[in-house]
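# Secondary and tertiary structure notes
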Amino acid sequence: MLDNLFETEKNILLNHIDKDTMSHAYLFYGAGEDVLDKTILEFLKTLYCKNSKYYCDECEECIKINTNNNIDITHIYKDSASIKIKQIRDMQYKISLSSSEYKYNIFVIHNADTMTIESSNAFLKTLEEPVKDTIIILSSPSKEILLPTILSRCIHIKVNDNKVTLSLSDEEKNYIFESLSNILKGNNLNNVNISKKLTKDKNKVENYTLFIMKFFSDVLIYKESNLDMTFNDKSSDYMEYIKQVNNLVTKDKLQKIIDKILYINEMINYNANASLAFLDLFIYIGEDI
Ligand SMILES: [Zn+2]
């Protein structure tokens, strides 16, 4: 179920669906066409299916989506080599006709990277003037090819070709655990150094963000279930730190921290300064919230 997404991205989407706060534009990027298409379909089924937190693949809604019979959803594919301006105009016409009869009016633009300059500029209008319950989903192997003005108006969802595995060393994990529990105890003196250290290697920032997110999510699971459960991470002192942090935070604060991590992850995806974003997070974690 949404196996090709990092936990953070998966959480962003599930959050939007749960709270019915769908954004008007999503960009799925970072993988091959097949994996992007599969992930978008899974997202749509999760949005419509009423049987499961994700999707069941058995109900009427799931079947309609699998067989391309959901009338809310229009797929737009490139016409020979590119997405032509006529296709964008047709979409805009359909949006202007949008009827309240349907739950949503969804357009999936496959291979958005092949939009011509003309198409991109016309499309920008749609993003600038969002229509209620209209959702645009773009797929593109790479996001760098798209216009910055388009990028800045979508929620970015990174898709991975391979199921993601977290590979942090025990030393890295323990450093993060120690830092977090110090911050939670009110020791803010090292916040700047910790932020710098965790963002020094650009390629690792996402892994660290994901790890911190997973850790707090596990603390929340532990708090709610109160069981000595086994988590996927069987490394060294994972369970010990879960218990330690559990004693330092309320359920309400945990939820706020998780929301904050989702937010800073989004900011970093939009090229915000990672070190400042982490610093902001750590100050937040240290506050009485
Ligand atoms: Zn279903």
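Higher on the page you've got the structure.
One numbering rule holds for all chains: residues counted from 1, following each sequence as written. Local features are withheld for residues below a pLDDT of 70 in this predicted model, meaning they are given only at 70 or higher, and side-chain atom pairs are given and counted only at 80 or more; totals for whole chains, interfaces and linings count all residues. Neither water nor hydrogens contribute to the side-chain values; these are computed over all heavy atoms in the structure.

## A few points about the packing of helix α7 (residues 170-184) against helix α12 (residues 274-286)
Angles here are taken between N-to-C directions and fall from 0 to 180 degrees, while the axes themselves are lines fitted to C-alpha atoms, restricted in helices to the stretch in contact. The helix and strand labels rest on DSSP assignments: H or I over at least four residues marks a helix, E over at least two residues marks a strand, and numbering proceeds from the N terminus. One way to put it is that α7 packs onto α12 with a least axis distance of 7 Å and a crossing angle of 50 degrees. Overall, the two elements α7 and α12 adopt an arrangement that is oblique. In this structure, α7 uses Leu180, Ile183 and Leu184 to contact α12, whose residues at the interface are Phe282, Ile285 and Gly286. Residue polarity follows a fixed list, in which Ala, Val, Leu, Ile, Met, Phe, Trp, Tyr, Cys and Pro are nonpolar, Asp, Glu, Lys and Arg are charged, and the others, Gly among them, are polar. Residues that form the contact of α7 with α12 fall into these classes: five nonpolar, one polar and no charged. Angles are sorted into four bins: roughly parallel if under 35 degrees, roughly antiparallel if over 145, roughly perpendicular if 65 to 115, and oblique for all others. Between two residues, a contact is recorded if the distance between any of their heavy atoms is within 4.5 Å.

## Focus on the coordination of the zinc ion
Coordination shells were defined by N, O and S atoms within 2.8 Å of each metal, extended to 3.2 Å for Na, K and Ca; water is absent from the atom set, which can make sites look incomplete. Only Cys49 (SG), Cys56 (SG), Cys59 (SG) and Cys62 (SG) from the protein coordinate the zinc ion, and they sit 2.3 to 2.4 Å from it. The geometry test gives tetrahedral to four donors whose angles all lie between 85 and 135 degrees, gives square planar to four donors and octahedral to six donors whose opposite members are over 155 degrees apart with all other angles between 65 and 115, and gives irregular to the rest. Bound by four donor atoms, the zinc ion shows angles of 105 to 117 degrees at the metal and therefore tetrahedral coordination geometry. Here the donor residues of the zinc ion share one chain and are spaced in sequence as C-x6-C-x2-C-x2-C. Each member of the pair, Cys59 as well as Cys62, carries the same accessibility label: buried. Per-residue accessibility, obtained with a 1.4 Å probe over protein chains only, is compared with the maximum for each type, and a residue is labelled buried under 20%, exposed over 50%, and partly exposed between these values.

## Some remarks on helix α2 (residues 33-48)
Under the 1.5 Å per step criterion, the end-to-end length of α2 is 23 Å for 16 residues, consistent within 8% with the ideal 22 Å. Listing the buried residues of α2 in full gives Val35, Leu36, Thr39, Ile40, Glu42, Phe43, Leu44, Lys45, Thr46, Leu47 and Tyr48. Contacts from the buried residues of α2 go to α1 (7-18), β1 (25-29), α3 (60-66), β2 (73-76), β3 (105-109) and β4 (134-140). Helix span is expected to be 1.5 Å times the residue number reduced by one.

Treat this as a map of the structure, not an account of what it does.
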